[in-house]
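# Architecture at a glance
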Amino acid sequence: MRRWAIASTISLLAGCGPEAVEQTREQETVLASDQEIVGGTDATIAASPWQVSLQDSPGSHFCGGSVLNENWILTAQHCVNENGTIIKPEWVAAGITTLNGMSSSGQIRSVAEVIVYPGYVDVNQGKDVALLRLSAPLDLSGANVKAIPLATAADEAAGITNAGVVARVTGWGALTGSGNAFPDTLQTVDVSLLSNSSAQSAYAGDTIGSDQLAAASPGKDSCQGDSGGPLTVLKNGTRVLVGVVSWGEGCADSHYPGMYARVASFESWIASKINDGGPLTATLP
Ligand code: ARG
(Lines give C-alpha, C1' and ligand atoms only; values in the text may rest on other atoms or scores of the structure.)
Protein backbone atom coordinates (compact mmCIF):
# COMPACT_ATOMS: atom_id res chain seq x y z
CA MET A 1 0.00 0.00 0.00
CA ARG A 2 1.34 3.42 -0.86
CA ARG A 3 1.38 6.32 1.49
CA TRP A 4 -1.00 8.32 -0.66
CA ALA A 5 -3.56 5.97 0.77
CA ILE A 6 -3.09 7.51 4.20
CA ALA A 7 -5.46 10.36 3.57
CA SER A 8 -8.31 7.97 2.87
CA THR A 9 -8.02 6.56 6.35
CA ILE A 10 -8.51 10.05 7.68
CA SER A 11 -11.25 11.19 5.34
CA LEU A 12 -13.07 9.40 2.57
CA LEU A 13 -13.54 12.76 0.93
CA ALA A 14 -9.84 12.91 0.21
CA GLY A 15 -10.35 10.35 -2.54
CA CYS A 16 -7.00 8.68 -2.09
CA GLY A 17 -7.79 5.02 -2.47
CA PRO A 18 -5.48 2.29 -1.26
CA GLU A 19 -4.53 1.02 -4.70
CA ALA A 20 -1.06 -0.43 -5.08
CA VAL A 21 0.93 1.17 -7.85
CA GLU A 22 3.13 -1.84 -8.52
CA GLN A 23 0.25 -4.17 -9.07
CA THR A 24 -1.39 -2.11 -11.72
CA ARG A 25 1.29 -0.17 -13.47
CA GLU A 26 2.44 -2.93 -15.77
CA GLN A 27 -0.69 -4.67 -16.89
CA GLU A 28 -3.42 -2.04 -16.94
CA THR A 29 -4.64 -0.58 -20.13
CA VAL A 30 -6.80 2.49 -20.07
CA LEU A 31 -10.31 1.86 -21.28
CA ALA A 32 -11.42 4.09 -24.11
CA SER A 33 -14.25 5.39 -21.96
CA ASP A 34 -11.84 6.45 -19.19
CA GLN A 35 -10.32 9.86 -19.11
CA GLU A 36 -6.73 9.88 -19.09
CA ILE A 37 -2.64 12.51 -14.33
CA VAL A 38 -6.34 12.48 -15.63
CA GLY A 39 -6.73 14.05 -19.06
CA GLY A 40 -3.02 14.62 -19.52
CA THR A 41 -0.32 13.66 -21.97
CA ASP A 42 3.13 12.10 -21.77
CA ALA A 43 5.80 14.50 -20.54
CA THR A 44 9.58 14.50 -20.44
CA ILE A 45 11.44 15.31 -17.26
CA ALA A 46 13.37 18.02 -19.15
CA ALA A 47 10.10 19.97 -19.39
CA SER A 48 9.52 19.61 -15.61
CA PRO A 49 13.04 19.05 -14.26
CA TRP A 50 11.99 19.95 -10.69
CA GLN A 51 9.67 16.94 -10.50
CA VAL A 52 10.82 14.04 -8.33
CA SER A 53 9.32 10.67 -7.43
CA LEU A 54 9.22 9.52 -3.79
CA GLN A 55 9.69 5.78 -3.61
CA ASP A 56 9.60 2.92 -1.10
CA SER A 57 12.04 0.92 -3.17
CA PRO A 58 13.61 1.84 -6.52
CA GLY A 59 10.77 2.12 -9.01
CA SER A 60 8.00 1.86 -6.42
CA HIS A 61 6.51 5.35 -6.65
CA PHE A 62 4.06 6.67 -4.03
CA CYS A 63 4.18 10.48 -4.21
CA GLY A 64 5.69 13.38 -6.10
CA GLY A 65 7.82 16.28 -4.93
CA SER A 66 9.63 19.36 -6.21
CA VAL A 67 13.32 20.27 -6.12
CA LEU A 68 13.83 23.54 -4.19
CA ASN A 69 17.60 23.44 -4.26
CA GLU A 70 20.33 20.81 -4.38
CA ASN A 71 19.50 19.58 -0.87
CA TRP A 72 15.79 20.11 -0.38
CA ILE A 73 12.53 18.66 -1.75
CA LEU A 74 9.05 20.04 -1.07
CA THR A 75 6.28 17.45 -0.87
CA ALA A 76 2.86 16.97 0.71
CA GLN A 77 2.80 16.28 4.42
CA HIS A 78 0.28 13.47 3.97
CA CYS A 79 2.93 11.64 1.93
CA VAL A 80 5.17 11.34 4.99
CA ASN A 81 2.84 11.72 7.99
CA GLU A 82 0.97 8.56 8.83
CA ASN A 83 -1.43 9.47 11.66
CA GLY A 84 1.26 11.49 13.38
CA THR A 85 4.13 9.11 12.68
CA ILE A 86 6.66 10.67 10.32
CA ILE A 87 7.95 8.18 7.79
CA LYS A 88 11.04 8.83 5.70
CA PRO A 89 10.68 7.93 2.05
CA GLU A 90 13.35 5.39 1.15
CA TRP A 91 14.31 7.11 -2.08
CA VAL A 92 13.93 10.33 -4.00
CA ALA A 93 14.35 9.86 -7.75
CA ALA A 94 15.16 13.00 -9.75
CA GLY A 95 15.81 13.38 -13.46
CA ILE A 96 13.61 10.51 -14.60
CA THR A 97 10.82 10.48 -17.17
CA THR A 98 9.82 6.84 -16.73
CA LEU A 99 9.67 4.81 -13.53
CA ASN A 100 10.85 1.63 -15.20
CA GLY A 101 14.56 1.53 -15.94
CA MET A 102 15.10 4.83 -14.15
CA SER A 103 18.36 3.94 -12.42
CA SER A 104 20.31 4.36 -15.62
CA SER A 105 19.22 7.94 -16.16
CA GLY A 106 18.21 9.49 -12.85
CA GLN A 107 19.77 10.81 -9.68
CA ILE A 108 18.62 8.65 -6.80
CA ARG A 109 19.06 9.95 -3.25
CA SER A 110 18.10 8.79 0.21
CA VAL A 111 16.49 11.16 2.71
CA ALA A 112 18.45 12.49 5.66
CA GLU A 113 15.66 14.41 7.35
CA VAL A 114 11.91 15.03 7.10
CA ILE A 115 10.55 18.34 8.38
CA VAL A 116 6.76 18.63 8.58
CA TYR A 117 4.80 21.85 8.77
CA PRO A 118 3.48 22.19 12.33
CA GLY A 119 -0.18 21.72 13.23
CA TYR A 120 -1.20 19.39 10.39
CA VAL A 121 -4.39 17.42 11.11
CA ASP A 122 -5.52 16.03 7.76
CA VAL A 123 -5.39 17.08 4.11
CA ASN A 124 -8.78 18.75 4.15
CA GLN A 125 -7.57 21.19 6.78
CA GLY A 126 -4.47 22.35 4.91
CA LYS A 127 -0.91 22.63 6.24
CA ASP A 128 -0.19 19.79 3.82
CA VAL A 129 3.51 20.43 3.19
CA ALA A 130 6.75 18.80 4.29
CA LEU A 131 10.40 19.22 3.43
CA LEU A 132 12.87 16.44 2.71
CA ARG A 133 16.58 17.03 3.17
CA LEU A 134 18.54 14.76 0.87
CA SER A 135 21.45 12.69 2.11
CA ALA A 136 23.63 14.03 -0.68
CA PRO A 137 23.11 17.05 -2.92
CA LEU A 138 21.61 16.76 -6.38
CA ASP A 139 23.67 17.77 -9.38
CA LEU A 140 21.65 20.65 -10.83
CA SER A 141 24.02 21.32 -13.72
CA GLY A 142 22.21 19.14 -16.27
CA ALA A 143 18.96 19.64 -18.18
CA ASN A 144 16.93 17.01 -16.30
CA VAL A 145 17.29 18.09 -12.66
CA LYS A 146 16.64 21.73 -11.76
CA ALA A 147 15.28 23.73 -8.85
CA ILE A 148 12.00 25.61 -9.18
CA PRO A 149 11.47 29.05 -7.66
CA LEU A 150 8.64 29.37 -5.16
CA ALA A 151 5.72 31.72 -5.65
CA THR A 152 5.93 34.41 -3.00
CA ALA A 153 3.34 36.40 -1.10
CA ALA A 154 4.23 39.30 -3.39
CA ASP A 155 3.48 37.11 -6.44
CA GLU A 156 0.11 36.24 -4.90
CA ALA A 157 -0.63 39.91 -4.31
CA ALA A 158 0.23 40.53 -7.97
CA GLY A 159 -2.37 37.96 -9.03
CA ILE A 160 -0.24 34.95 -9.88
CA THR A 161 -2.92 32.56 -8.54
CA ASN A 162 -5.99 34.54 -9.54
CA ALA A 163 -9.02 32.59 -10.71
CA GLY A 164 -8.69 31.70 -14.38
CA VAL A 165 -4.89 31.55 -14.43
CA VAL A 166 -3.75 28.40 -16.25
CA ALA A 167 -1.50 26.17 -14.12
CA ARG A 168 0.32 22.96 -14.92
CA VAL A 169 0.45 19.82 -12.79
CA THR A 170 2.66 16.81 -13.42
CA GLY A 171 3.08 13.38 -11.91
CA TRP A 172 3.00 9.62 -12.12
CA GLY A 173 -0.40 9.41 -10.42
CA ALA A 174 -3.50 7.58 -11.54
CA LEU A 175 -4.76 8.11 -15.08
CA THR A 176 -8.39 7.73 -14.11
CA GLY A 177 -10.64 8.71 -11.24
CA SER A 178 -11.22 5.07 -10.42
CA GLY A 179 -7.49 5.06 -9.66
CA ASN A 180 -6.61 1.67 -11.09
CA ALA A 181 -4.41 2.63 -14.04
CA PHE A 182 -0.98 4.15 -13.48
CA PRO A 183 1.48 5.47 -16.06
CA ASP A 184 5.13 4.54 -16.39
CA THR A 185 5.77 7.87 -18.14
CA LEU A 186 5.44 11.23 -16.38
CA GLN A 187 2.14 12.93 -17.22
CA THR A 188 1.38 16.64 -17.60
CA VAL A 189 -1.91 18.52 -17.68
CA ASP A 190 -3.01 22.14 -17.59
CA VAL A 191 -5.83 23.20 -15.27
CA SER A 192 -7.43 26.54 -14.39
CA LEU A 193 -7.05 28.04 -10.94
CA LEU A 194 -10.22 28.75 -8.96
CA SER A 195 -10.93 31.21 -6.18
CA ASN A 196 -11.03 29.85 -2.64
CA SER A 197 -14.69 30.87 -2.44
CA SER A 198 -15.49 28.61 -5.42
CA ALA A 199 -13.58 25.80 -3.74
CA GLN A 200 -15.47 26.45 -0.50
CA SER A 201 -18.79 26.21 -2.35
CA ALA A 202 -17.76 22.90 -3.91
CA TYR A 203 -16.56 21.47 -0.61
CA ALA A 204 -19.37 22.73 1.59
CA GLY A 205 -18.61 20.22 4.33
CA ASP A 206 -15.00 21.35 4.69
CA THR A 207 -13.39 24.59 5.73
CA ILE A 208 -11.08 25.63 2.92
CA GLY A 209 -8.27 27.65 4.44
CA SER A 210 -6.17 30.41 2.93
CA ASP A 211 -3.22 28.01 2.68
CA GLN A 212 -5.12 25.96 0.09
CA LEU A 213 -5.53 26.53 -3.65
CA ALA A 214 -8.02 24.92 -6.02
CA ALA A 215 -7.77 24.08 -9.71
CA ALA A 216 -10.07 22.34 -12.17
CA SER A 217 -10.74 21.92 -15.86
CA PRO A 218 -13.21 19.59 -17.58
CA GLY A 219 -11.80 16.07 -17.71
CA LYS A 220 -8.44 17.18 -16.31
CA ASP A 221 -7.00 16.85 -12.80
CA SER A 222 -4.26 15.48 -10.64
CA CYS A 223 -5.11 12.18 -9.01
CA GLN A 224 -3.98 9.54 -6.52
CA GLY A 225 -0.19 9.24 -6.60
CA ASP A 226 0.34 12.80 -7.84
CA SER A 227 0.33 14.12 -4.27
CA GLY A 228 3.31 16.15 -3.22
CA GLY A 229 4.02 17.05 -6.84
CA PRO A 230 4.20 20.47 -8.46
CA LEU A 231 1.49 22.84 -9.63
CA THR A 232 3.24 25.61 -11.54
CA VAL A 233 2.41 28.79 -13.42
CA LEU A 234 4.40 30.93 -15.81
CA LYS A 235 5.86 34.14 -14.40
CA ASN A 236 7.71 36.24 -16.96
CA GLY A 237 8.23 33.12 -19.05
CA THR A 238 9.60 31.02 -16.18
CA ARG A 239 7.68 28.42 -14.19
CA VAL A 240 7.24 29.03 -10.48
CA LEU A 241 5.75 26.67 -7.91
CA VAL A 242 2.31 27.80 -6.72
CA GLY A 243 0.89 24.54 -5.38
CA VAL A 244 1.58 21.07 -4.00
CA VAL A 245 -0.89 18.33 -4.98
CA SER A 246 -2.95 17.62 -1.87
CA TRP A 247 -6.48 16.19 -2.16
CA GLY A 248 -9.78 16.05 -3.98
CA GLU A 249 -13.08 14.21 -4.11
CA GLY A 250 -12.47 11.70 -6.89
CA CYS A 251 -10.43 13.02 -9.81
CA ALA A 252 -11.69 15.25 -12.62
CA ASP A 253 -15.14 15.13 -11.04
CA SER A 254 -16.91 18.19 -12.45
CA HIS A 255 -18.37 19.00 -9.02
CA TYR A 256 -15.08 18.89 -7.12
CA PRO A 257 -11.84 20.75 -7.91
CA GLY A 258 -8.40 19.39 -7.16
CA MET A 259 -6.92 20.90 -4.02
CA TYR A 260 -3.34 22.02 -3.54
CA ALA A 261 -1.24 23.45 -0.73
CA ARG A 262 -0.77 27.14 -1.55
CA VAL A 263 3.02 27.45 -1.65
CA ALA A 264 3.21 31.19 -0.97
CA SER A 265 1.51 30.65 2.39
CA PHE A 266 4.55 28.69 3.48
CA GLU A 267 7.15 31.10 2.11
CA SER A 268 8.76 32.11 5.40
CA TRP A 269 8.60 28.62 6.93
CA ILE A 270 10.26 27.08 3.88
CA ALA A 271 12.91 29.79 3.73
CA SER A 272 13.71 29.35 7.42
CA LYS A 273 14.28 25.62 6.91
CA ILE A 274 16.10 25.37 3.61
CA ASN A 275 18.38 28.35 4.00
CA ASP A 276 19.77 27.11 7.29
CA GLY A 277 23.14 26.24 5.87
CA GLY A 278 22.16 22.59 5.52
CA PRO A 279 24.83 19.96 5.08
CA LEU A 280 28.19 21.11 3.85
CA THR A 281 28.32 20.90 0.09
CA ALA A 282 31.53 22.78 -0.60
CA THR A 283 33.88 20.94 -2.89
CA LEU A 284 37.18 20.01 -1.31
CA PRO A 285 40.30 21.67 -2.62
N1 ARG B 1 -4.43 12.53 -2.20
C2 ARG B 1 -3.93 12.20 -3.48
C3 ARG B 1 -2.51 11.69 -3.36
O4 ARG B 1 -2.09 11.46 -2.23
C5 ARG B 1 -4.02 13.35 -4.43
C6 ARG B 1 -5.40 13.51 -4.89
C7 ARG B 1 -5.56 14.68 -5.77
N8 ARG B 1 -6.91 14.62 -6.19
C9 ARG B 1 -7.45 15.46 -7.07
N10 ARG B 1 -8.70 15.27 -7.41
N11 ARG B 1 -6.75 16.43 -7.60
O12 ARG B 1 -1.87 11.36 -4.34
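Here we summarise the structure given alongside this text. (Residues numbered from 1 in each chain as written. Predicted model: local features only at pLDDT ≥ 70, side-chain atom pairs only at ≥ 80, totals over all residues. Heavy atoms only, no water.)

## Brief notes about the packing of aromatic side chains
For the structure on display, the rule yields four aromatic pairs. Centre to centre, the rings of Tyr117 and Phe266 are 4.8 Å apart; their planes meet at 80 degrees, and the pair counts as edge-to-face. Here Tyr117, found in the loop between β9 (111–116) and β10 (130–134), pairs with Phe266, found in the loop between β16 (258–262) and α5 (267–274); they are 149 residues apart in sequence, far enough to count as distant. For Phe266, a relative accessible area of 1% translates into the label buried. (Phe/Tyr/Trp six-rings, centres within 6.5 Å; stacked < 30°, edge-to-face > 60°. Helix = DSSP H or I, 4+ residues; strand = E, 2+ residues; numbered from the N terminus. Buried < 20%, exposed > 50% of the residue type's maximum accessible area, 1.4 Å probe, protein only.)

## Considering α5
Turning to α5, its buried residues number three or more, namely Trp269, Ile270 and Ile274. For α5, the arc enclosing every buried residue in end-on projection is 110 degrees, short of the 170-degree limit, so these residues lie on one face. (Arc of directions from axis to C-beta.)

## Brief notes about the nonpolar core
One finds Leu74 and Leu131 to be the most contacted residues of the largest nonpolar core, which totals 34 residues. Every element with two or more residues in this core is listed here: β2 (51–55), β3 (61–69), β4 (72–75), β7 (91–94), β9, β10, β15 (238–247) and α5. If sequence neighbours within four positions are ignored, Leu131 has contacts with Leu68, Trp72, Ile73, Leu74, Glu113, Val114, Ile115, Trp269, Ile270, Lys273 and Ile274. Judged by nonpolar contacts, the second largest core, of 16 residues, contains Ile160, Val191, Leu193 and Val240. (Core = buried A, V, L, I, M, F, W, Y, C linked by side-chain atoms within 4.5 Å. Contact = heavy atoms within 4.5 Å.)

## Things to note about the sheet that holds β3
Strand pairing in a sheet relies on backbone hydrogen bonds. The paired strands run either parallel or antiparallel. Spatially, the seven strands line up as an open sheet ordered β8-β7-β2-β3-β4-β10-β9, and their pairing is antiparallel. The open sheet terminates on both sides in strands that have one partner only, identified here as β8 (107–109) and β9. With strand direction ignored, the average angle separating the axes of adjacent strands in the sheet is 30 degrees. Strand direction decides the pairing type here: β7 and β8, joined by three bridges, are antiparallel. What sits directly across from Ala94, in β8, is Gln107. (Pairing = 2+ DSSP bridges. Axes fitted to C-alpha atoms, helices over the stretch in contact; angles between N-to-C directions.)

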